[in-house]
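Examination of the molecular architecture
Listed below, chain by chain, are the residues.
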Amino acid sequence: MKIGIVGAGGVGGYFGARLAAAGQDVAFVARGKHLEAIRSAGLVVHSPAGDLRLPVAATDDPAGIGAVDYLLVCVKTWQLPGVIETIRPLVGLDTAIVTVQNGVEAPGQVAQVYGQDAVLPGTAEVIAYVEGPGVIRHLGNGKLNVGEWANGSTPRLERLRDAVAGAGLQATIPDDIWAALWTKFLSVVPTGGLGTATGAGYGVLRTQPATRQLLTEATGEIRDLARARGVQLAADVVDRTLDWIDQLPADGTTSLQRDLIAGRPSELDAWTGAVVRLGRESRVPTPINTLLFELATARVLANSN
Ligand SMILES: NC(=O)C1=CN([C@@H]2O[C@H](COP(=O)(O)OP(=O)(O)OC[C@H]3O[C@@H](n4cnc5c(N)ncnc54)[C@H](OP(=O)(O)O)[C@@H]3O)[C@@H](O)[C@H]2O)C=CC1
Ligand SMILES: CC(C)(CO)C(=O)C(=O)O
């Protein structure tokens, strides 16, 4: 089984390293100093599940890899339009392209170019990031949820699930991958938008009555939007989302907020921005998310000046 990983960052670097360490034929598309370091000293992972230093195949030229069986697209949402065409040499007639982005639009963006049959929508449950060139820091979890566009299990999905599980990670094929995608979306977007707008971590956001109320309302708007778009979420999904937020570390923040503080481009447009856009498209009111998007955008602008 040949696996291509585009973007050797937190998700791609960690999942790819575990798959390579388990003996899978993995090739990475990376770039810059990260690529140079991987080529000269191997891909290094620091992890509570065990450290790794692996010589791996890595290149900035997808043509040098050729068509793969599975292509895990692990770039940030705002980088996706830039890689969709460059991955073409990796995509053969039977290649399954797996998306892992937080957000609900990545599968559709890839399907527009390669067709729905080529795409396996997925979500990643992991906390990992690039600590320095060639080095991935993994803090916890390590699960891939992946499905077919029309749901149901298929041999290609089962092979992928087994390979991921065989690498010491967790893998599931949810009954409804779209519900899984939107449930993950719910778990990051309200805290991402409100955290970015206010600068507060999970502890403050969930404890202050006013911010807890905003989180609850923002989550409810996204639930209503999902339903309007035909996605069946659990009846108590808002309560479950708040319960999930309640068990996060008090000083924790979303990657959206951390990217903003570090002055990196952020996924705001694919998270809160998508709620506003899709809400308009589906005629579902999203006043709280719209306010959070405007406030977070102002904060991004203030930070960049
Ligand atoms: N990290 C996490 O714990 C989790 C992340 N996610 C989601 O997964 C997605 C990926 O996130 P994450 O792994 O954190 O992102 P990272 O920024 O850590 O990794 C993305 C990697 O892709 C590289 N890249 C981008 N464009 C190209 C290109 N054209 N050629 C080669 N390499 C490229 C980036 O390089 P460069 O630095 O040079 O731009 C970077 O190394 C996001 O949507 C995120 O929301 C979901 C769950 C958990
Ligand atoms: C895992 C979690 C929820 C927090 O790091 C995340 O996916 C993100 O912030 O992007």
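Please read these numbers as outputs of a predicted model, since none were measured by experiment.

**Some words on the site of ligand 2**
Taken together, Asn-102, Val-126, Ile-127, Lys-184, Val-188, Tyr-202, Trp-244, Thr-254, Ser-255, Arg-258 and Trp-271 form the complete shell of residues around ligand 2. Between ligand 2 and Lys-184, the relevant distance is 3.4 Å, taken from an oxygen atom to a side-chain nitrogen or oxygen of the residue. At 2.5 Å, a side-chain N or O of Ser-255 approaches an oxygen atom of ligand 2. For ligand 2, the accessible surface in isolation is 280 Å², of which the surrounding protein chains cover 86%.

**A few points about the UniProt feature "domain: Ketopantoate reductase C-terminal" (unreviewed entry) in the chain**
Those places that UniProt annotates as "domain: Ketopantoate reductase C-terminal" (unreviewed entry) correspond, in this numbering, to residues 176–298. Secondary structure over residues 176–298 splits into 72% helix and 0% strand, and the C-alpha atoms at its two ends are 36 Å apart.

**Quick notes on a nonpolar patch on the surface**
A surface patch of nonpolar side chains, about 290 Å² in accessible area, is lined by Ile-127, Tyr-129 and Leu-139. Its place among the elements puts Leu-139 in strand S9 (residues 135–146).

**Topic: the UniProt feature "domain: Ketopantoate reductase N-terminal" (unreviewed entry) in the chain**
UniProt tags residues 3–150 as "domain: Ketopantoate reductase N-terminal" (unreviewed entry). Secondary structure content for residues 3–150 is 24% helix and 41% strand, and the end C-alpha separation is 23 Å.

**Focus on the site of ligand 1**
Taken together, the neighbourhood of ligand 1 is formed by 21 residues, with Val-11, Arg-31, Gln-79, Ala-128 and Glu-267 sitting nearest. Gln-79 has a polar side-chain atom sitting 2.8 Å from an oxygen atom of ligand 1. Glu-267 is positioned such that a nitrogen or oxygen atom in its side chain is 2.6 Å from an oxygen atom of ligand 1. Going through the elements one at a time, helix H1 (10–21) and strand S8 (119–132) are the ones with two or more residues in the shell around ligand 1.

**Concerning helix H4 (residues 106–114)**
All of the buried residues in H4 are Ala-106, Pro-107, Val-110, Ala-111 and Tyr-114. In an axial view of H4, the angular spread of the buried residues amounts to 125 degrees, which keeps them on one side of the axis. Packed against the buried residues of H4 are helix H3 (80–84), strand S7 (91–99), S8 and helix H6 (177–198). Taken from the residues just after H4, Gly-115 is the one with a positive phi, measuring 90 degrees.

**Quick look at the environment of Gln-116**
Residue placement: Gln-116 occurs in the loop between H4 and S8. Sequence separation between Gln-116 and Asn-289 is 173 residues, and the spatial gap between their C-alpha atoms is 29 Å. Discounting chain neighbours no more than four positions away, the residues touching Gln-116 are Ala-111 and Trp-149. Within polar-contact distance, the side chain of Gln-116 engages the side chain of Trp-149 at 3.3 Å.

**Concerning the packing of H6 against helix H9 (residues 237–246)**
Between H6 and H9, whose axes approach to 10 Å, the crossing angle comes to 65 degrees. Overall, the two elements H6 and H9 adopt an arrangement that is roughly perpendicular. Of the two elements, H6 crosses H9, and the hand of that crossing is right-handed. Contacts from Leu-186, Ser-187 and Thr-191 in H6 reach Val-237, Thr-241, Trp-244 and Ile-245 in H9.

**A closer look at the pairing of strand S6 (residues 68–73)**
For S6, the buried fraction is high: five of the six residues fall into the buried class. Alignment of S6 against S7, held across five bridges, turns out to be parallel. Residue pairing across strands places Val-73 opposite Thr-99, the latter belonging to S7.

Rules used in this analysis
Residues numbered from 1 in each chain as written. Chains lettered and ligands numbered in written order. Predicted model: local features only at pLDDT ≥ 70, side-chain atom pairs only at ≥ 80, totals over all residues. Heavy atoms only, no water. Near = heavy atom within 4 Å. Polar contact = N/O pair within 3.5 Å; in protein donor to acceptor, adjacent residues only side chain to side chain. Areas by Shrake-Rupley, 256 points an atom, 1.4 Å probe, with all protein chains shown as cover. UniProt positions renumbered as here; feature names shortened; annotations may be inferred. Helix = DSSP H or I, 4+ residues; strand = E, 2+ residues; numbered from the N terminus. Patch = residues over 30% accessible without salt bridge, like charges linked within 9 Å, V, L, I, M, F, W, Y side chains within 5 Å. Salt bridge = Lys/Arg side-chain N within 4 Å of Asp/Glu carboxyl O. Buried < 20%, exposed > 50% of the residue type's maximum accessible area, 1.4 Å probe, protein only. Arc of directions from axis to C-beta. Contact = heavy atoms within 4.5 Å. Axes fitted to C-alpha atoms, helices over the stretch in contact; angles between N-to-C directions. Parallel < 35°, antiparallel > 145°, perpendicular 65-115°, else oblique. Left-handed = near helix turned anticlockwise from the far one by under 90°. Pairing = 2+ DSSP bridges.

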